Every structure is written in C-alpha cells, then in structure tokens.
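# Overview (structure and organization)
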Amino acid sequence: MLFTKKTAEQKRRDFRDQLADGKLHQFPGAFNPLCAQLIERMGFDGVYVSGAVMAADLCLPDIGIANQEEFVTRGKQIARVTDLPAFIDIDTGFGEPMSAARTIRLMEEAGLAGCHIEDQVMPKRCGHLDGKEIVDTHTMVQRVRAAADAKLDPNFVLIARSDARAVEGLEASIDRMKAYVDAGADMIFPEAMKSEKEFEAVREALDVPILANMTEFGKSRLLNKKELEDLGFNVVIYPVTTLRLAMGEVERGLDHILTNGDQNGILDRMQHRKDLYDLLRYEEYNRFDQSLYNFEVGDTPMD
C-alpha cells in the first residue's frame, strides 16, 4: 500500500500503451491483493479481477448475486497494491444503462485501468456454461454507450464482452461485436470460442484490440502465448487459474492433516514465512515506521 509508485492515471496510460504495441500481454487473475502483488513480482504485464472468482471467494456461484459494492471494494483493494494495470469484470453493469454508467465512475475512482461488460441477461452465468441467455443487440449497445459516455479518463479501457457465439453462432456474434465497437467499446472480449479458426475470424473482422480468455475446463483449447500472439490478440486472461491452484493445494493439505495428524509432510509445498514477509514488504514497512518514530523531542522552547 505504501510503496506503489504509479497513480491510477499512469497505470491507465500503461494499459493503453500495451494495447498499441502489437504484443500479447498476459493478465493472470488475482483472487486477493496478495496474489496481485505476486503477479507483479513474477513479471506479468497486468492483473485481472474476475467476477466469478470474487463470487467464489464469497462462497457464491457466478450468477450475479455478488453486488456492485462488493465488486468495487475488491477492485480497489487489488488496484491499490500493484503498479501494474488492473482491469475488472463488471458482469452486466449491475442494472440498467444508468447503473452501468455509475459503475464506470466507481471503477475509475477505485483506481482500475479498465473493465469489461457483457451482453448476457440477469441472472447471468459463467461464460463457458451451456444455457446462457443474451439481451438483444440494441440493449447491449445502450449499455456500452452509457458506459463509454460515463468515462472521465479517456484512457480507462472499456471492454465489451459478447457471449453470443454459444447462442446465435459466430457470424451473428461478430456482427454484435462490431456494433459494440461503434457504441464506444475500446476492446472486444469474444467469449467461449470453440477453435483457433473462430479466434482468427474475430481478429480479421475487427480493428480494435481483442482479449482472449484462457480459462481451464471451458469451451476453448488452452492456447499458449505464441499461438495467441500469432493470431493477433492483444491481451490474454487466466481468470480462475490462481484460485484453482490455491484451493487445490488447500484441499490436499487439509486431507493430509486429517490423515496424518500434522502438517510435517507438506511443509515443502507451503510458501515459507520469509517469502511471505518479503512479498508483503515487511522490512520496507518497518523502515518506514522507524523513520517516523526514531526522533527525540528536545528541550529547546518553540518560538
């Protein structure tokens, strides 16, 4: 918290620069601020805040139960601890177009570099599940236009996500995405593509930055960085990866304790205390504190 060096405006400019440099940028999902700090430490390009992960962290399914305030709070907590640009999922905007506009303002105030809004109906569901429903194009265009008009910082990146591929087919989904760009979307997020050819078709049809979602156990094959870069994509997110890794190890560790009665056999799978303290910048906080309280009050009377 005390040692981030970049303002929200600087991080938004960084994000814009990334989108213009012709490279693919990797944004792993952070399930909490500490995870965001590790993502930065490891050398990634940015941080993603997944609505599905945030809901899961609250022990809720990804069906729109988590509310706007909870999203804003988590986004702010994550954005404030990293110098990387961070963008967040805002589901369908938490209401009518006016609510979507207000959400944009709140996310800007929270320090985020961008967000994505989708064309599902509420209650929504995970983009890689069957049985999704989407709003008509006109309704989504209203959402996007309201969100675009609400931006105070022109560098805040508005991403329009389309779930239409699974409902209306690829060609119709591309037509929708073009309409979202015309309405003010800075980047497009085509959800649940089924093949590289579909990713390629979206890239050929649009002249704005495009995001790929490489979530595990979904509709899309897990393409690697080079494959996505060759396809011309600009950003890739790994939304649930860190949470799945963490919870998998938690489950295995708890099972070990139940079976063996102690944690001696799993110490080598844990983050060591010294590594945690290093990630938290414990010594930097300590030095900062000492710089405040290492003085003595003299006897010289004040003027």
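The structure reproduced in this document is the subject of the present report. Only a predicted model underlies this, so the values are computations on that prediction, with no experimental measurement involved.

This part is about the pairing of strand β8 (residues 235-238). Both faces of β8 are covered, namely the face carrying Val-235 and Ile-237 and the face carrying Val-236 and Tyr-238. Two strands pair when backbone bridges link them, and strand β1 (residues 25-28) and β8 are joined in this way by four bridges, in the parallel orientation. Residue His-25 lies in a different strand from β8, and its bridge partner there is Val-235. Of the pairings in the sheet, the one linking strand β7 (residues 211-213) to β8 comprises three bridges and is parallel in character. Pairing of Asn-213 across the sheet is with Ile-237, part of β8. Read as a crossover between parallel neighbours, the route from β7 over helix α10 (residues 225-230) to β8 is right-handed.

Let's shift gears to the layout of surface pockets. Computed from the structure, the largest pocket encloses a volume of approximately 810 Å³. Listing elements by their share of the lining of the largest pocket, those giving two or more residues are α2 (33-42) and α11 (241-260). Here the lining of the largest pocket gets ten residues from one element, more than from any other, and that element is α11. Tallied by class, the residues present in the lining of the largest pocket amount to 18 nonpolar, five polar and three charged.

Here the structure, examined in full by the defined rule, presents seven aromatic pairs. For the ring pair Phe-71 and Phe-94, a centre distance of 5.0 Å and an interplane angle of 70 degrees mean the geometry is edge-to-face. Here Phe-94 lies in the loop between β3 (86-89) and α5 (97-109) and Phe-71 lies in helix α4 (residues 68-79), a separation of 23 residues in the sequence. Among the residues examined, Phe-71 registers a relative accessible area of 2% and is labelled buried. With centroids separated by 5.3 Å and ring planes inclined at 80 degrees, the aromatic side chains of Phe-199 and Phe-233 adopt a geometry described as edge-to-face. Of this pair, Phe-199 sits in helix α9 (residues 196-205) while Phe-233 sits in the loop between α10 and β8; the two residues are 34 residues apart in sequence, bridging distant segments of the chain. Considered together, Phe-199 and Phe-233 belong to a single accessibility category, that of buried residues.

Secondary-structure assignment places Ala-183 in the loop between α8 (170-182) and β6 (187-190). We classify Ala-183 as buried; its relative accessible area is 7%. Considered as a pair, Ala-183 and Pro-209 are 26 residues apart in the sequence and their alpha carbons are 15 Å apart. Apart from residues no more than four positions distant in its own chain, Ala-183 is found in contact with Val-141, Val-144, Arg-145 and Ala-148.

Per the counting criterion, the structure on display carries one cavity of 30 Å³ or more. Taken as a whole, the largest cavity encloses approximately 30 Å³ of empty space. Along the walls of the largest cavity sit Gly-51, Ala-55, Pro-61, Asp-62, Ile-63, Gly-64, Ile-65, Ala-66, Phe-71 and Asp-91, which together make up its complete lining. Taken together, the residues that form the lining of the largest cavity break down as six nonpolar, two polar and two charged.

What holds strands together in a sheet is hydrogen bonding between their backbones, with the strands either parallel or antiparallel. If you walk across this open sheet you meet the three strands as β1-β8-β7, and the pairing is parallel. Of all the strands in the sheet, the pair left with one neighbour each is β1 and β7. Between one strand and the next, the sheet's axes are offset by a mean angle of 25 degrees, whatever the strand orientation.

Here is what the cut-offs are and how they apply
Residues numbered from 1 in each chain as written. Predicted model: local features only at pLDDT ≥ 70, side-chain atom pairs only at ≥ 80, totals over all residues. Heavy atoms only, no water. Buried < 20%, exposed > 50% of the residue type's maximum accessible area, 1.4 Å probe, protein only. Helix = DSSP H or I, 4+ residues; strand = E, 2+ residues; numbered from the N terminus. Pairing = 2+ DSSP bridges. Right-handed = clockwise from strand over helix to strand, strands pointing away. 1 Å grid on protein atoms, 1.4 Å probe; cavity = no way out; pocket = protein on both sides within 12 Å on 5 of 7 lines; lining within 4 Å. Points joined across faces, edges and corners; volume = space filled by probe spheres on them. Nonpolar A, V, L, I, M, F, W, Y, C, P; charged D, E, K, R; others polar. Phe/Tyr/Trp six-rings, centres within 6.5 Å; stacked < 30°, edge-to-face > 60°. Contact = heavy atoms within 4.5 Å. Axes fitted to C-alpha atoms, helices over the stretch in contact; angles between N-to-C directions.

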